[in-house]
Amino acid sequence: MGQSTILLPRFDIETTLLGGQAFRWEKIGENQITSFQGIVSGRILQVRWEDGGYVVDCDFTDTNAESAQFIRGYFDLDRDYGSARNALIADPMLRHFASSLFEDWDGPRILRQPWFETTISFIVSANNHIPRIRNILRVISRTFGKKISNEASGDYAFPTPEQLAGADLSTLRGECNTGYRDIFIRDTARRMADAFSYWNEATLLSTDELRTALLELPGIGPKVAECILLFGFHRFEAFPVDTWVRKAVSEAYFGGRTIPDGEIRHFAADHFGPNAGLAQQYLFEAARKRG
DNA sequence: CACCAGGACGGCG
DNA sequence: CGCCGTCATGGT
């Protein structure tokens with residue numbers, strides 16, 4: 001049983017963990033010093049304040065070295081976010097539009113999340129509110145995932161592709177409240193279970209090939225595919241266009257007039273290049289924060 | 001209490 | 001291709 005405490009660099013923890021990219025983190029400790037608990041890859045992670053910075057505690061059946069490696073990967077600690085942020089906010093339009101994100105700390109990061117959970121999460125996200133997405137994913141985990149052996153904690157890992165492939169639609173719809181997305185969830189889980197090694201070794205694939213493969217799965221359209229590429233397959237150049245990003249790009253760069261999604265994506269790739277994914281997250285969180 | 005949500009899908013012109 | 005109605009559900 002390994003037990004590690006790892007110091008995190010300076011960044012906007014709350015927006016990163018509770019914003020629109022991850023759905024399995026919660027703020028804990030009422031009126032205490034803020035801390036967060038999340039479930040990632042069947043592990044319970046806690047982020048808490050200690051001596052002027054945030055640290056992550058992980059307590060699970062890995063060695064300390066494995067725990068550290070896992071945390072480094074999940075929080076993308078090997079990427080230079082200072083440089084990426086500086087490059088992006090050199091653009092006065094982005095700097096101004098997203099200024100609310102940089103009042104205290106250094107803005108949000110992009111988490112490197114597990115690909116299957118990310119896939120199902122963003123299928124669920126379609127035409128849905130974030131609080132409801134969180135509820136649905138919690139019940140899906142409780143219903144189909146493995147209980148994390150930890151007293152009576154009530155914490156469950158997100159289900160594997162095989163576990164969700166065996167789900168019946170009435171349970172997904174009636175108990176998990178997925179609505180019409182039940183068939184998309186089960187059938188995409190089946191497809192990913194049947195081709196598990198293909199998806200599990202997707203680091204070998206180009207972003208274009210991976211995007212094409214994702215778009216063949218039920219419930220995955222252009223926007224959801226882009227989210228899975230960015231958050232689940234760590235493609236930093238991916239640029240999801242949803243209602244908030246649409247509004248943000250329109251207001252910040254086109255004087256408020258409506259722009260076709262294709263033109264928005266072209267603009268983003270051209271304007272933000274390899275940092276488009278992070279730029280997208282700035283635009284999304286800033287637009288959502290201002291309402 | 002209508003409205004809308006990190007849209008996708010199928011049918012139509 | 002592009003456009004448009006439809007799709008469950010519940011948070012605000």
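How each quantity is defined
Sequence order sets the numbering: in each chain, residues are counted from 1 along the sequence as written. Chains and ligands are labelled sequentially in the order written, the chains with letters from A and the ligands with numbers from 1. For this predicted model, a pLDDT threshold of at least 70 governs which residues receive local features, and a threshold of 80 or more governs which side-chain atom pairs are given and counted, while totals over whole chains, interfaces and linings are taken from all residues. Note that water and hydrogens are dropped before the side-chain values are worked out from all heavy atoms of the structure. A run of H or I in DSSP counts as a helix once it spans at least four residues, and a run of E counts as a strand once it spans at least two, with each numbered from the N terminus. Restricting the calculation to C-alpha atoms gives the radius of gyration, and the globule rule supplies 2.2 Å times the number of residues raised to the power 0.38. Think of it in three bands: with a 1.4 Å probe and only protein chains considered, a residue is buried below 20% of the maximum accessible area for its type, exposed above 50%, and partly exposed in between. Areas reported here follow the Shrake-Rupley algorithm with a probe of radius 1.4 Å; residue values treat only the protein chains shown as occluding. A positive count includes Lys and Arg, and a negative count includes Asp and Glu. His and the chain ends are not counted in either. Charge coordinates come from a single atom per side chain, which is NZ of Lys, CZ of Arg, CG of Asp or CD of Glu. Whether a residue is near a molecule or strand depends on its heavy atoms: if one lies within 4 Å, it is near. We define a polar contact as two N or O atoms separated by no more than 3.5 Å, with the added condition that, inside protein, one atom must be a possible hydrogen donor and the other a possible acceptor, whereas residues neighbouring each other in sequence contribute only through side-chain atom pairs. Charged means Asp, Glu, Lys or Arg here, nonpolar means Ala, Val, Leu, Ile, Met, Phe, Trp, Tyr, Cys or Pro, and polar covers whatever is left, Gly included. In this analysis, axes come from line fits to C-alpha atoms, helices being fitted only over the stretch in contact, and the angle between any two N-to-C directions falls in the range 0 to 180 degrees. Orientation is classified from the angle alone, with under 35 degrees giving roughly parallel, over 145 giving roughly antiparallel, 65 to 115 giving roughly perpendicular, and any other angle giving oblique. Whether two residues touch is decided by their heavy atoms; if any such pair falls within 4.5 Å, the residues are in contact. The rule for pairing is simple: two strands pair if DSSP sees at least two bridges between them. Here is the rule for handedness: rotate from the far helix to the near one, and if that takes an anticlockwise turn smaller than a right angle the crossing is left-handed, while a clockwise turn gives right-handed. An automatic or database domain assignment supplies the residue ranges for each domain. Each of two parts loses accessible area, computed with a 1.4 Å probe, when they are put together; buried area is these two losses added. Throughout this description, the term salt bridge denotes a Lys or Arg side-chain nitrogen within 4 Å of a carboxyl oxygen of Asp or Glu.

Some details on the overall build of chain A
Scanning chain A for helices and strands turns up 15 helices and 5 strands. The globule rule puts the C-alpha radius of gyration for 291 residues at 19 Å, and the 19 Å found for chain A is close to it. Across its three principal directions, the C-alpha atoms of chain A cover 50 × 50 × 40 Å. In chain A, which comprises 291 residues, the share counted as buried stands at 52%. Just so you have it, chain A exposes about 13500 Å², and 49% of that area is on carbon and sulfur atoms. The average position of the 32 basic charges and that of the 38 acidic charges among the side chains of chain A differ by 4 Å.

Quick look at the protein's contact with DNA strand B
Taken together, 27 residues are adjacent to DNA strand B, and Gly-20, Asn-128, Ile-130, Tyr-180 and Gln-280 come closest. Gly-20 places a main-chain nitrogen or oxygen 2.4 Å from a base nitrogen of DNA strand B. His-129 places a polar side-chain atom, nitrogen or oxygen, 2.8 Å from a sugar or linking oxygen of DNA strand B. Counting residues per element, the surface near DNA strand B draws most heavily on helix α12 (residues 222-232), which supplies 4 residues. The residue inventory of the surface near DNA strand B, partitioned by class, reads 14 nonpolar, 11 polar and 2 charged.

Focus on the packing of helix α13 (residues 243-253) against helix α15 (residues 276-290)
Think of two packed helices as two axes; the pair is described by the angle between the axes and how far apart they sit. The N-to-C vectors of α13 and α15 enclose an angle of 95 degrees; their axes lie 8 Å apart at closest approach. Taken together, the axes of α13 and α15 are roughly perpendicular relative to one another. For the pair formed by α13 and α15, the contact residues are Trp-244, Val-245, Ala-248, Val-249 and Glu-251 on the first element and Gln-280, Leu-283, Phe-284, Ala-287, Arg-288 and Arg-290 on the second. A class-by-class count of the residues in the contact of α13 with α15 yields 7 nonpolar, 1 polar and 3 charged.

Here's the deal with the environment of Gly-273
Mapped onto the elements of the fold, Gly-273 is located in the loop between α14 (261-272) and α15. Note on Gly-273: relative accessible area 24%, which makes it partly exposed. Once you skip the residues sitting within four places of it in the chain, Gly-273 turns out to touch Glu-237 and Ala-268.

Notes on the pairing of strand β4 (residues 43-50)
Strand direction decides the pairing type here: strand β3 (residues 35-40) and β4, joined by 6 bridges, are antiparallel. Residue Ile-39 lies in a different strand from β4, and its bridge partner there is Ile-44. Taking the residues that link successive antiparallel strands as the turn, the β3-β4 hairpin has 2 residues, and the phi of Ser-41 there is positive, at about 50 degrees.

Some words on the environment of Ala-252
Mapped onto the fold, Ala-252 is located in helix α13. When the C-alpha positions of Ala-252 and Ala-22 are compared, they lie 25 Å apart, and in sequence the two are 230 residues distant.

Regarding the packing of α13 against α14
Contact geometry for α13 and α14: axes closest at 11 Å, N-to-C directions at 65 degrees. Every pair of crossing elements has a handedness; the one defined by α13 and α14 is left-handed. Contacts from Arg-246, Val-249 and Tyr-253 of α13 reach α14 at Asp-261, Ile-264, Phe-267, His-271 and Phe-272.

What about the domain arrangement of chain A?
Under the domain assignment used here, chain A contains domain 1 (2-78) and domain 2 (115-231). Distance from the C-alpha centre of domain 1 to the C-alpha centre of domain 2: 22 Å. Domain 1 puts 12 residues into the contact, and the matching count from domain 2 is 16 residues. For the pair domain 1 and domain 2, the summed buried surface comes to about 1200 Å²; carbon and sulfur atoms form 57% of the total. For domain 1, the biggest contributors to the area lost against domain 2 are Phe-23, Arg-24 and Ile-44; these three give 53% of the whole. In this assembly, domain 1 and domain 2 are joined by 2 salt bridges.

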